[in-house]
Every structure is written in structure tokens, then in C-alpha cells.
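Spelled out, the chains give:
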Amino acid sequence: MKHRATTLLTMSEIAALAQVQRPVVTMWANRYRGTDRPFPSPTEVRGRQRRYDGDEIVHWIQARELGNNDALDENLCLYAALDTGIDIGEDTVLEGISALLCLKWLLGDQLSELSPADLLDEADDADPDDAFLYAEVAALGDSLGMFAEYVDRMVDSAYGPKQAFEALLAQRFRLLRTDLSDSAMSPKALDLCAAITLAITDHDRHVFVDPSEGSSDLLVALRNSLPEYAEPLSMRNEASSSAARLARRRLTVHGWARQSPPVSGFGNGFALSGPSAFVVQYPSPSSLAYSDSQILSEIDDIAVQMAEDHVAVVVAPASALLDAQRDPSAARLRSDILRSDRVRAAVRLPEGLLPAKPGTSLALWVLGPASEAVKPADRWSVVIDVGSRELDTTTTEGLVSDVIAAMGDWDTIKAHAFQFGVLTRTSVLLAEDKRGLTPARIRHPRARRVGADLAAKVLAHSDEIRRTQLELRREFRIPVEYRDSDRSLMPTIGQLLDSRELRQLSGNRIDSEDLLVGGAVRVIGADEVTGIRPVGVRGIDRLVFTTAYPNGRYTEPGDIVFCSGSRFGAIVDHDGSAVVVYPARVIRVADPATSGLIPDVIAGHLNASRLDTRPPGAIRSSATWKRWEVPRVPTDRAAATIDAVRTLRDRRSAALQLLTEIEQLTSTLVDGLAHGVLAVGADIQPPHERAPQNAS
């Protein structure tokens, strides 16, 4: 059967293939337009979407030595496998490729070396009851041999069936598989759930249970966090839906062993024996349309049957787990779960963890055994709100630490310094449930402060302020005299360039990816010249600039850096050794003392002249930068003018330094006062017998 040999890619798919950000591809297309090797033209245009020949794109990226993917040819086969052009539905192709990947993992052989009939026999042997892959392999029909070749190439390029399977699942958004894409959580959320689950379980003893139908992301994240030698055991819903079968294939490839679920399934009244850890996510592929009441009903089924050696990590929309409930049925179910004394921790997570619905706020419940030793009136839960924080390493570690403490007994709770959690009695939660499960206060992590250290900082800042004040009190006078203007025409930049009293240098064309915050070499570009960002925030690595831009130039002290056109401005680089980035340019004065061309005077005049103004409707400025007039100071006054400008600049720098020191002193003092390790005032009585410690 013939199939289309050309694989068409969108700009987003090109970015994913090259492992770069989407705007980088647009930059390639613009930068290399009109060159000897331009960016390939689109092969197909559908409305505003352009699709490009995959082979042409791969060859162009390789020829230009761009991107971050060394396996472009091999990775292209994944797109080709999903875009063959033959008369088979996309779902059938996705299911069939995933089944062949699972079969390849089970066999460990090259599938393309087997005939289609042999492949079907092997699939039947691996799945005699057709529980997860045989039907999907058979559905590929006459194209089975072709897809076997694609799968072999995919596995070779991805260095294994596991990686190839995940690359295939990453296409869930492209293929509009809403059951898979709308239930997909972000990697940060999955990593957090895996970290919490591993912290409260023993992977050698616990069976990891997922009662949902078709969900596998959490168990995959959990397996990726386990040691390679681990042999974890899972219990899953044995439904016959396509999503459930796909999940079984995926978990098989990831090395999960299987334990049979209860005969009656995970409905009302099911029971499990032995150490078990429930790892549950809502929405799952089968619960996208669930109401809060339905979600809480299934969680209640889990909580009711939990034994002393059972724990659970449940992720669901905050509307079900934490927010104020308007549905009486859902409110009653949540109240029942709270009264069971099994909700050890309730965590509000930040928005954006559900990519298909970034505005949805998720929450997390950690359930554990109820303690018979605690009276009902004394039962408690730890409520955590990190909805305004990013799930970075620090936040994740703090959350895991708080959850571990919450799973312990009362002594563990008292001994733990919670970073985010607020210990709350269950009775209080129940009483306030109509307004939602919210901590009485949101705990923010507080770093430990040492009073002696802060007092030393206060003294140091105070001394620096006094020194700067003394410097500013020194006599300061600039003698000036007034006179009538001679009304003579000022020279233009072009004229001074011709006389070589000025020199113009173009800015360096620097790749934006090489610019970074805090680089060793200062960068001055249009943003710095126009005041959008201060000079010194952006920089570039010196080695990168030297090797990647061998013809690059540095500024010299006194260089005027300017921009013309719609973004106008001019500044003087008094320090030199900076890198000017195009479209900014440099004007260099040959000899200010003998020419009377003072950089600060010129830059100030240009900025005051508002040369960026233009008449209404004009596209370009009415004057080019070479026609700009610049002032010239009489040569007999040039040296005095330079000294006066330098003195003003030094005074301004000292004043800014004074302001910075005052801000730092204020911040240090307030920090010490807020943490209770500093006190202000001569009449303060020291506690107990401690000697007085004065900060200033």
C-alpha cells in the first residue's frame, strides 16, 4: 500500500523536533531569508497555518548546525508514523504504534525482521486474553509491516521502547486526544506527587493502587523516581476502554508488575488487604466530566475501606477538595471524609498545573490511618496553601517534609517546625467548611535570623552612611558666567565625522541567546539606552564573546551610545569595556579637551532635543542621525567643563550610594525587628541577666 513519503510539520512541531523554543524557529526563518541557504518555504498552507516538508527542514537544520537535537533524522520518523496519509484513523495509528512498542519491549527483537503473520502470532502469545495489545496490533491490517519498521526506527532513535513510548504520548496534544490531553498534569505536579508518595511508602512492601480508568501519568512519574533495580507492584482498573488498555501497555513498558484488582472492581464496598498506597488523579481520562460530588464519592469509597497499613495521595480540583461547596451532596461527602480522621494533609497547589485548563486550581489530599488513641475532639489535619508559590525544589522539599510530619503521631507533630503547614483541629475545619478548607493563616517559610549578625550589619551600614554624608558635605562650587549666544550654527555629526573629530562604530550583532542576566561583560543595547532597563543588568560571558564574535568591539571610557529612529536615546559609558548591541551605535570623541566636544554635553543635548519626534502619520524621522547638531565648548573652557561634569557625576553617584545604604539599613533593621532579634531604643531592658547589645 502506498503512503505519503513527505512528513509535514508546523512551526511548533519544528521547534519540538529541533528541541528549541517556538520563537527561535521564527527567528531562523527571518534571519536566513535571502541568504544562499534560506529557511525552506512552506509546502502547504491551511489558513494561517504553514506546514513544511520534514526532510527539507531536517537537512536545513543539519546544514546550518542549529538546534539541540543530534537525532533529527531518526526523530522525524515519529512524525512520519503518525502522518502516513493512509486510510487509517489517527486513533488507530496511535493505539497500534503503542501496542507495537509494548510488543517490542516484551520480545526484545527487531519487529521489522518478522512477517506480519509472525507479528500477530507473537502478539497473541504475549496477550492471549487480548487484555491490552493484540486487538490494536491486528487493527493495523495490511500496514502492519510498515508500522513495524517505523517502530524499530523510533526505538533506535529514542534509545529504548520506554523513551519512544513517552515521545509517542507527548503527541496527545497534537492528535487532539482530549481524554489524554485534558487530564495531563504538568511535570512539576507529577514530580511532587511522586515525591510525597515515595516519602510515605516502602516500594518493596506497598502495592500502588490506581482505581481510575485509563490514568497512568502518576504511576509513570512514580516509577521514574524509583531506583532502576526496583520491582514495584501495581493494581489498576481492568476496564476495557481504549484509554485503560493504553495505560496497561504504557505501564508494562515502564516495568510495572501487575496484581489483580478485586473481582468486583473498585466500586462501593471494595476492600484490599496488605500494605497499599492509593495514587489517584482527577480528572483522569475516564472522569473528565465528573462533578465534585462524584469525585468525593470515589474518594469516600477509598477512605471507608482504608486499613492501618493503607495510605493515599489524591490530586483533584480544589473546588472538590478545598473550596467552599454549594452542592449539599458534595459538602456532606467531604464532611464525612474529614470526620473519618484520615485526611492528614490538605494542600492547595498553584494554578497552571493542568496545561489544558491552566486556570484550574488543583489540590492534594494525603490520607493515612486514623488514630484510635486521639479523641474525636482532638483530631487534626495539616492545612497547607502554596497557591501563590512556584513548585520549585525548595517548595517541593518543604511540602514533603511537612507531609511526612503530618503522617506521624502527636509527638511528631509537636517536634516538627512546619515550613508551610498550619495544624488545624478537625472540628474547626468542619465548622468553617462552608467557607472552604483554608488555613487560619498562610505560613511562609522564615529563615533563621541571628541578632548579633544583624546588629553588625546595622553598624556597618550606619558607618557607610556617615562616610558618604561627610563626602557630600564637602564644599561644592562650580563657577559659571553668563553671556549672549553667538547664534553660530552648531556642527553636525556628519561634519565632525568627516573632520575625524568624531568616529562612529556600529553595534555588535549578538544572538539574544548569548545575553544573560549578570554576565561578566556589561551589555548596552536599545533597552539600556532608552532607560527600559539599567546598565549592568544584562551581560555576556567574556569567553563566549571572544570566541563566537571574534570581530566584536568593546567601548572606551567616554563613548556615547545612542539609538535613532522610533527608539531614541543617548548615554555616556564612562567606564568603557562594555559590549554595545545593535541597533545601538557608538560615537567616539577623538580628543574632548582639544576639540571642545564633551561627551556628557553632547548626550545631554541630544536627549533634550527630542530628536525622536516625528510629524503625525510619518513612518521615519524627519532627520537622520548624521544631521544631528551637537554643541562645541570653547577649547579654552573645555578642561574646566570636563572637571565640572565629572564632579557632578561623582556627587550624583555618592547620593545614589547614600540612598542605597539607607535602603539596606532599613531592610536589615526591619528584618531584625520582625524576627524579634533586634530592638531599638536606649531604654530597652535586656531579658533576664543578658548583657545589653546595642545595634547602633
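Reading the values: rules and limits
- Residues numbered from 1 in each chain as written.
- Predicted model: local features only at pLDDT ≥ 70, side-chain atom pairs only at ≥ 80, totals over all residues.
- Heavy atoms only, no water.
- Salt bridge = Lys/Arg side-chain N within 4 Å of Asp/Glu carboxyl O.
- Helix = DSSP H or I, 4+ residues; strand = E, 2+ residues; numbered from the N terminus.
- Buried < 20%, exposed > 50% of the residue type's maximum accessible area, 1.4 Å probe, protein only.
- Pairing = 2+ DSSP bridges.
- Core = buried A, V, L, I, M, F, W, Y, C linked by side-chain atoms within 4.5 Å.
- Contact = heavy atoms within 4.5 Å.
- Patch = residues over 30% accessible without salt bridge, like charges linked within 9 Å, V, L, I, M, F, W, Y side chains within 5 Å.
- Areas by Shrake-Rupley, 256 points an atom, 1.4 Å probe, with all protein chains shown as cover.
- Lys, Arg positive; Asp, Glu negative; His and termini not counted.
- Charge placed at Lys NZ, Arg CZ, Asp CG, Glu CD.
- Axes fitted to C-alpha atoms, helices over the stretch in contact; angles between N-to-C directions.
- pLDDT = per-residue confidence, 0-100.

Our focus in this paragraph is the pattern of salt bridges. Evaluated as defined, the whole model comprises 26 salt bridges. A salt bridge links Asp 341 to Arg 379; the nearest nitrogen and oxygen atoms lie 3.5 Å apart. Linking Asp 341 in the loop between α16 (328–339) and β9 (343–351) with Arg 379 in the loop between β10 (361–367) and β11 (380–385), this pair joins segments that are 38 residues apart in sequence. Summarising the burial analysis for this pair, Asp 341 and Arg 379 share the class buried. Here Arg 533 and Asp 527 are joined by a salt bridge, their closest N and O atoms 3.0 Å apart. Given a relative accessible area of 15%, Asp 527 falls into the buried group. The structure contains a network of salt bridges with shared partners spanning Glu 95, Asp 130, Glu 136, Arg 245 and Arg 249.

Once that is clear, we can look at the sheet that holds strand β1 (residues 8–9). Strands sit in the order β1-β3-β2 across an open sheet of three strands; the sheet is antiparallel. Unpaired on one side and paired on the other, β1 and β2 (44–46) mark the two borders of the sheet. Here β2 runs beside strand β3 (residues 49–53); their pairing, made up of three bridges, is antiparallel. By the bridge assignment, Val 45 is partnered in β3 with Arg 50.

As a further point, take the nonpolar core. One finds Met 185, Ile 196, Leu 349, Leu 364 and Leu 399 to be the most contacted residues of the largest nonpolar core, which totals 42 residues. For this core, the secondary structure elements donating two or more residues are α11 (187–199), α12 (217–225), β7 (276–281), β8 (310–317), β9, β10, β11 and α17 (393–406). Among the elements that make up this core, the one with the highest residue count is α11 (six residues). If we ignore the near neighbours within four places in the chain, the residues touching Ile 196 are Val 313, Leu 364, Val 366, Val 400 and Val 403.

Most of β9 is tucked away: eight of the nine residues are buried. The sheet contact formed by β9 and β11 spans four bridges and is parallel. Note that in β11 the partner of Ala 345 across the bridge is Val 382.

With that out of the way, let us pick up a negative patch on the surface. A cluster of acidic side chains, namely Asp 118, Asp 121, Asp 124 and Asp 125, defines a negative patch on the protein surface. When you line up the elements, Asp 125 lands in helix α6 (residues 116–126).

With an omega of 0 degrees, the peptide bond running from Tyr 282 to Pro 283 counts as cis. Residue position: Pro 283 is located in the loop between β7 and α14 (292–305). Of note, the amide linkage connecting Tyr 582 to Pro 583 takes the cis form, showing an omega dihedral of 15 degrees. Turning to its location among the elements, Pro 583 is positioned in the loop between β19 (579–580) and β20 (585–589). One non-glycine residue with positive phi stands out, namely Asp 341, at about 65 degrees.

With that out of the way, let us pick up the sheet that holds strand β13 (residues 502–506). Think of a sheet as strands paired side by side through backbone hydrogen bonds, with each pair either parallel or antiparallel. Spatially, β13-β20-β17-β18 is the arrangement adopted by the four strands of the open sheet, whose pairing is antiparallel. The open sheet is flanked by β13 and β18 (569–573), the only strands paired with a single partner. In this sheet, adjacent strand axes meet at a mean angle of 25 degrees when their direction is disregarded. Examined bridge by bridge, β13 and β20 share five bridges and lie antiparallel to one another. What sits directly across from Ser 506, in β20, is Arg 585. Across the sheet, helix α25 (residues 599–608) lies against β17 (559–563), β18 and β20, angled at about 165 degrees from β18, the strand it touches most.

Moving on: the confidence of the model for the protein chain. Model confidence for the protein chain is summarised by a mean pLDDT of 84, while 90% of its residues fall at 70 or above. The low-confidence segment residues 615–623 (pLDDT under 50) makes seven contacts with residues lying over four places distant or belonging to another chain.

This part takes up the environment of Ile 97. Structurally, the position occupied by Ile 97 is in helix α5 (residues 90–107). The buried category is assigned to Ile 97, whose relative accessible area is 0%. In the structure, Ile 97 is positioned 39 residues away from Glu 136 in sequence and 8.3 Å away in space, judged by C-alpha atoms.

Once that is clear, we can look at helix α1 (residues 11–18). Here α1 lies mainly inside the structure; six of its eight residues are buried. Among all positions of α1, only Met 11, Glu 13, Ile 14, Ala 15, Leu 17 and Ala 18 are buried. Of the residues trailing α1, Gln 19 is marked for its positive phi of about 60 degrees.

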